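Take a look at the letters that make up each chain.
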Amino acid sequence: MPKLFHYRQRCIGCNACVEIAYERWRMSKKDGKAVLLGGVEKKGVYQVAIRPDEVEENERALKACPVNVIKMEGV
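Residues numbered from 1 in each chain as written. Predicted model: local features only at pLDDT ≥ 70, side-chain atom pairs only at ≥ 80, totals over all residues. Heavy atoms only, no water.

What about the nonpolar core?
For step 1, the next point in the chain: Within the largest apolar cluster, 16 residues are counted, with the highest numbers of intra-cluster contacts made by Leu4, Cys17, Trp25, Ile50 and Ile70.
For step 2, the next point in the chain: Those elements giving two or more residues to this core turn out to be α1 (16-20), β3 (34-36), α2 (55-64) and β6 (70-73). (Core = buried A, V, L, I, M, F, W, Y, C linked by side-chain atoms within 4.5 Å. Buried < 20%, exposed > 50% of the residue type's maximum accessible area, 1.4 Å probe, protein only. Helix = DSSP H or I, 4+ residues; strand = E, 2+ residues; numbered from the N terminus.)

Written out as structure tokens, the structure is:
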């Protein structure tokens, strides 16, 4: 199953991931950074298994991220 990883500490809050893959991303009102919905934090990195039908839009989101803080494995 594909997995998404978000290195949130380095996020600059540009909102590109939210615009592209709204089902999986939101902006935090607290600190202005992106939040990976369903993500579980492990050693500062948020991760979540995603459905195969979510892969394409999240690939676009990770390519759009200007600071490369989104990664995907298992595709």
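Digging into the sheet that holds β6
For step 1, the next point in the chain: On the basis of which strands lie adjacent, the open sheet formed by 4 strands has the order β4-β5-β1-β6 and antiparallel pairing. The open sheet has two free edges, formed respectively by β4 (40-42) and β6, since each of these has just one partner strand. On average, each strand axis in the sheet is tilted by 30° relative to the strand beside it, whichever way the strands run.
For step 2, the next point in the chain: Where β4 meets strand β5 (residues 45-49), 3 bridges bridge the pair, whose relative direction is antiparallel. Across the sheet, the residue bridging to Lys42 is Val45, located in β5.
For step 3, the next point in the chain: Contacts between α2 and the sheet are confined to β1 (3-6) and β6, with β6 contributing the most and set at about 140° to the helix. (Pairing = 2+ DSSP bridges. Axes fitted to C-alpha atoms, helices over the stretch in contact; angles between N-to-C directions. Contact = heavy atoms within 4.5 Å.)

Observations regarding the pattern of salt bridges
For step 1, the next point in the chain: This model, assessed by the stated rule, comprises 6 salt bridges.
For step 2, the next point in the chain: Of the charged contacts, one joins Asp31 and Arg8 as a salt bridge, the two residues approaching to 2.8 Å between their closest N and O atoms. Of this pair, Asp31 sits in the loop between β2 (25-27) and β3 while Arg8 is found in the loop between β1 and α1, placing the two residues 23 residues apart along the sequence.
For step 3, the next point in the chain: Look at Asp31 and you get partly exposed, because its relative accessible area is 40%.
For step 4, the next point in the chain: We note a salt bridge from Arg51 to Glu23, for which the minimum N-O separation is 3.3 Å. One end of the pair, Arg51, is in the loop between β5 and α2; the other, Glu23, is in the loop between α1 and β2, with 28 residues separating them in the sequence.
For step 5, the next point in the chain: Looking at Glu23, the relative accessible area reads 53%, which means it is exposed. (Salt bridge = Lys/Arg side-chain N within 4 Å of Asp/Glu carboxyl O.)

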